[in-house]
Amino acid sequence: MDYLQGLNQPQQDAVQHISGPLMIIAGAGSGKTRVLTYRTAHLIEKGVDPFQILLLTFTNKAAGEMRERIEKVIGNDAKNLWMGTFHSVFAKILRFDGKHLGYTSDFSIYDTDDSKSLIRSIVKERGLDDKIYKPNVVFNRISGAKNRLIGPDDYMNNPIISADDTAAKLPEMGKLYKIYATRCFQANAMDFDDLLFNTNLLFRDHPAVLDKYQRKFKYVMVDEFQDTNVSQYLIVKKLSDISRNLCVVGDDAQSIYAFRGASIDNILNLEKDYPNMTTIKLEQNYRSTQNIVEAANSIIAKNKNQLKKNVFTENEEGSLIELIKASSDNEEGRLVSTHIFESKMNLGLRNTDFAILYRTNAQSRTFEESLRKLNIKYRIIGGLSFYQRREIKDLLAYFRFVINQNDEEAFKRIINLPKRGIGDTTIAKITITAAEQQISVWEVVANIRQYQAGRFADTIEGFADLIKSFKIMVESQKKDAYEVASHIAKSSGLLRELHDDKTVEGLSRYENVQELLNSIKEFVDNPDTGTDEKNLATFLQNVSLMTTADEDDPDGDNDRVTMMTIHGAKGLEFNHVYVVGMEEDLFPSQMMLQSRADLEEERRLFYVAITRAEKKLMMSYAETRYQWGRLKPCEPSRFLDEIDPKYLQFAKNIRRAVEDTQRLPQGFVRMSNREQKMPDFNTPDTKTSVANLIRPSTSTRPAVTGSANTYKPSADFTPSDTKNLAEGDRVEHLKFGFGKVKKIDTNGTDRKAIIQFEGTIGEKTLLLSFAKLRIL
DNA sequence: GACGCTGGCGTTTTT
DNA sequence: CGCCAGCGTC
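Residues numbered from 1 in each chain as written. Chains lettered and ligands numbered in written order. Predicted model: local features only at pLDDT ≥ 70, side-chain atom pairs only at ≥ 80, totals over all residues. Heavy atoms only, no water.

Chemist: Please clarify how the pairing of strand E7 (residues 246-250) should be interpreted in this entry.
Modeler: Each regular strand carries side chains that alternate between the two faces of the sheet. Buried residues dominate E7, accounting for five of its five residues. The two faces of E7 match: Leu246, Val248 and Gly250 on one face and Cys247 and Val249 on the other face are all buried. Bridging between strand E1 (residues 22-26) and E7 involves four bridges; their strand directions are parallel. Residue isoleucine 24 lies in a different strand from E7, and its bridge partner there is valine 249. Here three bridges tie strand E6 (residues 219-222) to E7, and the two strands are oriented parallel to one another. Bridge assignment links valine 222 to a residue of E7, and that residue is valine 248. (Buried < 20%, exposed > 50% of the residue type's maximum accessible area, 1.4 Å probe, protein only. Helix = DSSP H or I, 4+ residues; strand = E, 2+ residues; numbered from the N terminus. Pairing = 2+ DSSP bridges.)

Chemist: Before we go on, may I ask you to explain the UniProt feature "binding site: ATP" (unreviewed entry) in chain A in this structure?
Modeler: Here, UniProt's "binding site: ATP" (unreviewed entry) annotation points to Ala26, Gly27, Ala28, Gly29, Ser30, Gly31, Lys32 and Thr33. Looking at the secondary structure, you find glycine 27 in the loop between E1 and helix H2 (32-45). Once you skip the residues sitting within four places of it in the chain, glycine 27 turns out to touch Asp251, Gln254, Leu282, Lys309 and Val311. One can find glycine 29 in the loop between E1 and H2. The contacts of glycine 29, once residues within four sequence positions are left out, are Gln284, Asn285, Tyr286 and Arg287. (UniProt positions renumbered as here; feature names shortened; annotations may be inferred. Contact = heavy atoms within 4.5 Å.)

Chemist: I keep staring at the sheet that holds strand E15 (residues 574-579) and nothing clicks. Help me out?
Modeler: Two strands in a sheet stick together by hydrogen bonds in their backbones, pointing the same way (parallel) or opposite ways (antiparallel). Pairing is parallel in the open sheet, where seven strands are placed in the order E13-E14-E12-E15-E16-E11-E19. The sheet terminates laterally at strand E13 (378-380) and strand E19 (648-650), the two strands that pair on one side only. Neighbour-to-neighbour, the strand axes of this sheet turn through a mean angle of 25 degrees, independent of strand direction. Of the strand pairs in this sheet, E13 and strand E14 (residues 561-565) are connected by three bridges, and their pairing is parallel. Each bridged residue has a counterpart across the sheet, and for isoleucine 380 the counterpart in E14 is methionine 563. Here helix H14 (residues 290-300) sits on the sheet in contact with strand E11 (321-326) and strand E16 (613-622), set at roughly 55 degrees to E16. (Axes fitted to C-alpha atoms, helices over the stretch in contact; angles between N-to-C directions.)

Chemist: Would you mind going over the sheet that holds E6 with me for this structure?
Modeler: Strands sit in the order E3-E2-E6-E7-E1-E8 across an open sheet of six strands; the sheet is parallel. Of all strands in the sheet, those bounded by a partner on one side alone are strand E3 (82-85) and strand E8 (278-282). Here the average twist between neighbouring strands, direction ignored, is 15 degrees. Pairing between strand E2 (residues 53-57) and E6: four bridges, direction parallel.

Chemist: Sorry, what's going on with the packing of aromatic side chains here?
Modeler: We describe a pair of aromatic rings using the distance from one ring centre to the other and the angle between the two ring planes. Within the structure shown, the criterion is met by 20 aromatic pairs. For the ring pair tyrosine 155 and tyrosine 177, a centre distance of 5.3 Å and an interplane angle of 85 degrees mean the geometry is edge-to-face. Pair noted here: tyrosine 155 is in helix H7 (residues 152-157) and tyrosine 177 is in helix H9 (residues 173-186), with a separation of 22 residues, a long-range link. The pair formed by tyrosine 155 and tyrosine 177 is uniform in burial state, with each residue classed as buried. Measuring from ring centre to ring centre gives 6.2 Å for tyrosine 213 and phenylalanine 217, while their planes differ by 15 degrees; the resulting arrangement is stacked. The exposure class assigned to tyrosine 213 is buried, which follows from its relative accessible area of 3%. Looking at phenylalanine 217, the relative accessible area reads 0%, which means it is buried. What links up through ring pairs into an aromatic cluster is the set Trp82, Phe203, Tyr213 and Phe217. Across the ring face of tryptophan 82, the terminal group of lysine 92 is positioned such that the distance to the ring centre comes to 4.5 Å. Note that lysine 570 overlies the ring of phenylalanine 58, its terminal NZ or CZ placed 3.5 Å from the centroid. (Phe/Tyr/Trp six-rings, centres within 6.5 Å; stacked < 30°, edge-to-face > 60°. Lys NZ or Arg CZ within 6 Å of the ring centre and 35° of its normal.)

Chemist: Please explain the packing of helix H4 (residues 86-97) against helix H11 (residues 207-216) as it appears in this structure.
Modeler: Between two packed helices, the angle of one axis relative to the other and the distance separating the axes together describe the packing. Packing of H4 against H11 brings their axes to within 12 Å, and their N-to-C directions diverge by 130 degrees. Comparing their axes, H11 and H4 come out oblique. The two elements H4 and H11 meet at a crossing, and its hand is right-handed. Mapping the contact onto sequence places Ile93, Phe96 and Asp97 in H4 and Val209, Lys212 and Tyr213 in H11. Residues belonging to the contact of H4 with H11 are distributed by class as follows: four nonpolar, no polar and two charged. (Parallel < 35°, antiparallel > 145°, perpendicular 65-115°, else oblique. Left-handed = near helix turned anticlockwise from the far one by under 90°. Nonpolar A, V, L, I, M, F, W, Y, C, P; charged D, E, K, R; others polar.)

Chemist: Please clarify how the packing of H4 against helix H10 (residues 192-205) should be interpreted in this entry.
Modeler: Running from N to C, H4 and H10 point in directions that differ by 55 degrees, and their axes come no closer than 9 Å. With respect to H10, the axis of H4 lies oblique. In this structure, H4 crosses over H10, and the sense of that crossing is left-handed. Along its contact with H4, which presents Phe86, His87, Phe90, Ala91, Ile93, Leu94 and Asp97, the element H10 presents Phe192, Leu195, Leu196, Asn198, Thr199 and Leu202. Looking at the contact of H4 with H10 residue by residue, the classes come out as nine nonpolar, three polar and one charged.

Chemist: I tried to follow the nonpolar core on my own but got confused; where do I start?
Modeler: One broad rule of soluble globular proteins: the nonpolar side chains tend to lie buried together. If you look at the biggest cluster of nonpolar residues, it comprises 51 residues, and the most contacted ones within it are Leu396, Phe399, Phe401, Phe411, Ile467, Ile520 and Leu536. Considering every element that reaches this core, the biggest residue donor is helix H17 (residues 390-403), with nine residues. (Core = buried A, V, L, I, M, F, W, Y, C linked by side-chain atoms within 4.5 Å.)

Chemist: Is there a simple way to think about the pattern of salt bridges in this case?
Modeler: Per the stated rule, a full pass over the model turns up 42 salt bridges. Residue glutamate 601 pairs with arginine 604 through a salt bridge whose shortest N-O separation is 3.4 Å. Highlighted residues: glutamate 601 and arginine 604, both in helix H28 (residues 599-610), separated by three residues, approximately one helical turn. For the pair glutamate 601 and arginine 604, a shared accessibility class is recorded, and that class is buried. (Salt bridge = Lys/Arg side-chain N within 4 Å of Asp/Glu carboxyl O.)

Chemist: In this structure, what is going on with H4? I would like to understand it.
Modeler: Helical geometry: 3.6 residues make up each α-helical turn, so side chains three or four residues apart lie on a common side. With 12 residues, H4 should cover 16 Å at 1.5 Å per step; its first-to-last C-alpha distance of 16 Å lies within 8% of that length. Taken together, the buried positions of H4 are occupied by Phe86, Ser88, Val89, Phe90, Ala91, Ile93, Leu94 and Asp97. (Expected span 1.5 Å × (residues − 1).)

Chemist: Explain the pairing of E16 here, please?
Modeler: Extensive coverage of E16 is indicated by the burial of nine of its 10 residues. Of the pairings in the sheet, the one linking E11 to E16 comprises five bridges and is parallel in character. By the bridge assignment, alanine 326 is partnered in E16 with alanine 622. Both E15 and E16 contribute to a ladder of five bridges, which runs parallel.

Chemist: I would appreciate a short explanation of empty space enclosed by the protein in the present structure.
Modeler: To find leftover empty space, a probe the size of one water molecule is rolled over the atoms. Taken as a whole and judged by the stated rule, the model has seven cavities of 30 Å³ or more. The space that makes up the second largest cavity amounts to roughly 60 Å³. Lining the second largest cavity, in full, are Arg183, Gln186, Ala187, Asn406, Glu408, Thr431, Ala434, Ala435, Ile439, Ser440 and Val441. Examining the composition of the lining of the second largest cavity, we find that three residues originate from one element, helix H19 (residues 424-437), more than from any other. Residues that form the lining of the second largest cavity fall into these classes: five nonpolar, four polar and two charged. Two domains each donate at least three residues to the lining of the second largest cavity, and these are domain 2 (108-187) and domain 4 (398-525). (1 Å grid on protein atoms, 1.4 Å probe; cavity = no way out; pocket = protein on both sides within 12 Å on 5 of 7 lines; lining within 4 Å. Points joined across faces, edges and corners; volume = space filled by probe spheres on them. Domains from an automatic or database assignment.)

Below you can see the structure in the form of C-alpha cells.
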C-alpha cells in the first residue's frame, strides 16, 4: 500500500475506512479525487469485487479519468467498476429494468428542447395561451416537482401546489403535467428528470428489483455530493440500505446547483439518516498559494449557511490577486488576452495553463475575438455544443426514431426533413390522433390510410417504408453502427440536401454531419469504452447523456486556453485563472437575486471560481458592456468589495492591447447599407471596426473554435445590399482568397454572387448576406 | 404547404 | 443585436 505514503492523516483515514457510512467534507483543492481513487483501489485490494462498487461522479469524463487512475493502481479489474453520472448509470439500469414500469429497453431520452417542444404542442392543443403558459415556466415547474418526487397525481391532489399555481395564474399546470407525463410515456421516452424519478419509482414499487441492486452494489460512493438533489439522494440511500456502506464526498462551500434542486440539506439529512456515520474533514489545500486560499476564505466567511471548516495551505505565499479595470467589454477582452500573451512570454507558460472563467456563456465572445487576434489557441467548454446543432440533432432524430418509433419529438423533427411537403397541420393531425387514440405516432404513420385518407397518404407511406427499411438494417445486426448511420444519413436524403447547399454555412453543416459519422466510426472501432454493445442505441445514449465537460477536442492540438462558465469549471484547476465580468447584476447575477434572493449561492460560485487558481488569480470588470446593441454602464461587483483589500492589487504595466498590425484585414466590408453606431468613448472598439463585421456568430460557434470557418450572416440583410457589389468586381474572400464576380443572381429569395476564385478553389456561389468579401 | 417579412422579446448556471 | 413565432403571399 505504497499509495498511503503521500497522504496526510485525514486522507489516510478516509482511504482506509471500509465499512459503515462515511462522509468526507473536502475543502477546495484538498485532494479528494486522490482519496476517492485510492479508497476504491484499497477496497479492491481488501477483496471487494469491483462489480460491487458503484461510483457516481459529476461528469462522465471525471469517471473516465478516475477509472484510469484506479487502473494504474490495481490493473484491469478497474474495468468492472460501475462508474458514471447519476443520469448515465441509472439510464443503464432503466434499460434493464424499465420494463417493470412499462418502458422498453429502447426508450428515448428527451433533452430539454424536446421537452419544451412537447409542452408547446400540448399547450397549443389545449387551446391555452402560450404567453401565459410559457414552455419554459411549465417545464421548470414540472421538473421541480419531479425532483421532489411529486408525480402528476400527487401534484394535482396537493392543495398547496394548486394554490401556488392558481396564484401564479397557471391553474391548468396539474393537467399539463399529467398530459406531459402521459405523452412521454406513450412516446416511450424519458426526460432527464424522469431518469431519476423513474429509478425512484422502480425501487419503491418493485422490491425485487431494488433487492437485486442492493445486493449488487455493496459499496456506493458519491462525488460532489453537495450538488445532488433529493431524488438522487433517495436513490443512493435506498441502494445502500442493506450494506450501509455509503461514502459521500462533498464541500458545502461549493454547492452551486441549488437552481436545479440540489440542496445542502442532503448533508444534514445524511447525519440524521446515518447516526453512526464517520465524518472526515480534509482541510489542507494542496492547490493554491496562501494568498488565494486566504482571499477565498475571506469571501466564503460572509455566508451564514455553512459547515465549519478551516481550509489552510502550506504552499508559498504567492502574488496578490490582480484587478483589471477595462472601459468596455471589448477592452476587457484585449487586456486579458494581452496579459495571457505576456505571461506566456515572461513565464514560459503554455496555453493550457490559463483559464478564463465567466458567469454566462454569452461573455465568451469578446475573449474569442481578442485571443484570435493574438493567435492564441483556445477552446470553449459549454455553450452551444456540437450535439445541439440543428443538423446534428436532425440526424440523431433519425437514429432515435428508427430505434424507437414511438418517439414523438424525433418524429416531428424528421417527418418533413428533407422537405416532403408535410406541414404543421398534417403533423399536428397525426400527433393528436395518436394522443386521442392512446397509440403511438408510429401506429398512425404505419397505417396512415386507416386514420387519414388525405392527399399526403402516399408521402407518409413512403416515409414509413423508409423507416422500416432502416429498422430492418439495425435489427439484422449484419452492419455495425457506423454503416447503419451513414446509410441512414445518405438514404434519408439529409446528407444530399446539405451537400447541395453550397453556402458557407451549408458547407460547415455538411462537415459537421461528416464529423458526427466519424465519431460513430471511432466509437465502433475504439475497443475499450466499457462493456456495452457497440450499437447505434448505445451511441445515442452516450451522446444524450454527455455532459458539457465530456466533449473532447477534435484535433490533436490540445495546447489551448480554456474558456468556460464557472459552473463548468467545478473540479478543475489551472495555473493562471482570470475571473472576468466582475460586475454587479452580472456576477452576482441579477436574475439569481430576483428569483431566489439567494446571494449565498452566488458567493459560493465566486468561491469556486477563486479556488480554481493555483499560482495566479486575476479579476476584471468593464465599465460599459454591449447589450442588445447598446452600451450599458456597469458597476463593479459587490464581491470585489468583499475581498480583504490586503490580498488585492491593481494590474499595472498593461499595454494598450492590440497593435494595429494585428487587427483583422483592413477593408473588409459588410454588404449592408445599415449605418454603424459609434460608441461614445475614444478607444478603438472592435464593435465598430471591421472585426465586428465578420465576427463569428455566437450561435453557430463550434465546440472548439479558433479556426476561421464559421461565420453567420447578418440577420438584417436587405435587397439593397447587393448594390455594393457589381459583376466584374475583383474581390477578396476571407477564406477562399481572391476572385472575380462572374454573376450576381438576384432571382429568388437568396441573393447570390457566383465568383470564380483563383487557384484550385474554383467557382463558388456565395450568399451575399455572408459578406466575407472585400471589394478590391 | 413553403417561404419571406416583421415585430416582439430576451441572457443564469446544466444533466 | 439576433432569434423566432406569427402572419401574409404565392
